[in-house]
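# Structure at a glance
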Protein chains: 2
Amino acid sequence: MATKSEFKLDEAIAILTRTPATLDGLLRGLPELWVRRNEGRSKDGSDSWSAFDIVGHLIVGERTDWMRRAQIILEHGEGRAFDPFDRFAQAKESQGKSLEQLLDEFARLRKENLAALEKLNLQPNDLARRGTHPELGVVTLSQLLATWAVHDLTHLHQLSRVMAHQYRDAVGPWSAYLGVLKCGGHSA
Amino acid sequence: MATKSEFKLDEAIAILTRTPATLDGLLRGLPELWVRRNEGRSKDGSDSWSAFDIVGHLIVGERTDWMRRAQIILEHGEGRAFDPFDRFAQAKESQGKSLEQLLDEFARLRKENLAALEKLNLQPNDLARRGTHPELGVVTLSQLLATWAVHDLTHLHQLSRVMAHQYRDAVGPWSAYLGVLKCGGHSA
């Protein structure tokens with residue numbers, strides 16, 4: 001039951017399609033406590049991310065990263081490295097917006113990107129095409145698309161942890177049983 | 001921004017109310033890969049949990065644990081310890097059911113439990129009432145209710161990890177950047 005699988009495009013799309021509704025179900029209309037609080041300062045002294053920041057980061061990925069990188073692989077192969085992903089662009093881009101606006105924007109961009117992906121009509125030999133990541137070196141289109149899906153999951157993992165952190169004291173002695181409260185994150 | 005808060009009942013209810021839609025958005029209709037696969041054997045040699053197992057576990061909690069314990073606190077105080085939570089009951093109870101049936105059952109039970117909770121019309125002094133956990137000792141009603149919400153979040157944290165694990169190989173070198181793939185779980 002635990003064998004890891006080959007990449008299948010429709011399985012990745014199944015995750016990517018569902019993330020907007022998952023985030024909507026989890027976050028829309030929540031009290032500020034759950035949306036705006038973070039986990040305090042990171043090891044490097046900067047603020048860690050709140051749920052609001054995380055949704056903003058997912059929007060930046062939709063706008064600048066995933067499909068743009070797929071296009072670079074298909075048009076240029078390994079010859080042109082991807083532009084680096086700006087992990088902090090959301091601070092500026094989300095300013096003044098409500099969480100509800102961000103959720104709407106994420107859902108719209110994801111839908112557009114999945115329509116664009118479908119239009120590419122990728123075949124198995126396309127999935128093996130190679131590109132150049134600015135830090136990781138050679139990667140394939142299938143690895144990029146798998147990463148897009150797991151990137152959703154890693155931020156869902158982070159979201160549940162950031163939210164649980166707000167009740168670290170409120171649960172009292174039960175903290176001993178709640179794995180999410182023992183997770184300190186896994187940033188590089 | 002990172003100050004941990006006092007427990008407020010409506011904030012816990014805000015999480016508890018949303019979990020069925022969150023799980024529905026994430027899981028309903030997903031390919032088997034994401035639903036039935038687990039993370040392999042646990043340290044103790046038993047099978048780890050799949051998404052299907054996790055939803056089954058949440059159902060058992062609704063049926064036997066959270067509101068039952070609240071009632072024990074209100075009726076018996078510290079005088080009668082809670083019954084232990086059977087962490088493995090779902091293996092039998094979920095047998096032969098589809099994930100979609102489990103999601104429906106969880107949503108129905110959660111709705112009933114939140115209606116029962118509302119009916120209790122709890123006041124601040126009720127939230128401070130004390131009960132006895134069979135292993136943790138004295139706990140309060142507010143700690144129980146906070147734990148109910150964080151228990152949802154800890155299993156969302158686990159779900160995202162179990163699902164991401166299936167693409168551990170598919171993401172190739174990007175695994176270096178995906179925190180969820182570095183999380184080994186935090187069971188006691």
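Our subject is the structure that appears above.
Rules used in this analysis
Numbering of residues begins from 1 in every chain and follows the order in which that chain's sequence is written. Each chain gets a letter, beginning with A, and each ligand a number, beginning with 1, in the order they are written. Confidence filtering applies because this is a predicted model: local features only for residues at pLDDT of at least 70, side-chain atom pairs given and counted only at 80 or more, and all residues used for totals across whole chains, interfaces and linings. Side-chain measures were taken over the full set of non-hydrogen atoms in the model, leaving aside hydrogen atoms and water. Secondary structure is summarised from DSSP: a helix means a run of H or I of at least four residues, a strand means a run of E of at least two, and numbering begins at the N terminus for each. Only C-alpha atoms enter the radius of gyration, while the globule expectation follows 2.2 Å times N to the 0.38, with N the number of residues. Helix span is expected to be 1.5 Å times the residue number reduced by one. The buried label applies to any residue whose accessible area, calculated with a 1.4 Å probe on protein chains only, is under 20% of its type's maximum; exposed applies above 50%, and partly exposed to all values in between. It is the directions from the helix axis to the C-beta atoms that the arc portrays. Any two residues whose heavy atoms approach within 4.5 Å are treated as being in contact. Only rings of Phe, Tyr and Trp enter the pairing, Trp through its six-membered ring, and a pair is recorded when the two centres are within 6.5 Å. The plane angle decides the type: under 30 degrees is stacked, over 60 is edge-to-face, the rest tilted.

## Thoughts on the overall build of chain A
Counting its regular elements, chain A contains seven helices and two strands. The N-to-C order of helical and strand elements in chain A reads α-α-α-α-α-α-β-β-α. For a compact globule of 188 residues, the expected C-alpha radius of gyration is about 16 Å, and chain A comes in at 18 Å, within 12% of that figure. On the principal axes, the C-alpha backbone points of chain A span a range of 55 × 45 × 30 Å.

## A look at helix α5 (residues 99-120) of chain A
Three- or four-residue spacings in an α-helix give side chains the same orientation, since the helix completes a turn every 3.6 residues. All names here are of chain A. End to end, α5 covers 32 Å across 22 residues, agreeing with the expected 32 Å (1.5 Å per residue, within 8%). All of the buried residues in α5 are Leu99, Leu102, Leu103, Glu105, Phe106, Leu109, Arg110, Asn113, Leu114 and Leu117. The buried residues of α5 occupy an angular sector of 160° when projected down its axis, which confines them to one face. Residues of α5 that are exposed and angled more than 90 degrees away from the buried face: Lys111, Glu118 and Lys119. Contact partners of the buried residues in α5: α1 (9-27), α2 (32-36), α3 (51-76) and α7 (141-165). At the exit of α5 stands asparagine 121, carrying a positive phi of roughly 50°.

## Details of the packing of aromatic side chains
This model, assessed by the stated rule, comprises twelve aromatic pairs over all chains. Relative to B:Tyr167, the ring of A:Phe7 has its centre 5.8 Å away and its plane inclined at 45°; by these criteria the two rings are tilted. Of this pair, A:Phe7 sits in the segment before α1 while B:Tyr167 sits in the segment after α7 (141-165), each in a different chain. On the basis of relative accessibility, which here comes to 14%, the residue A:Phe7 falls in the buried class. An angle of 85° between the planes, with centres 6.2 Å apart, marks the rings of B:Trp66 and B:Phe85 as edge-to-face. Taken together, the residues B:Trp66 in helix α3 (residues 51-76) and B:Phe85 in the loop between α3 and α4 (90-93) connect sequence positions 19 residues apart. Note on B:Trp66: relative accessible area 4%, which makes it buried.

Geometry only, nothing functional implied.
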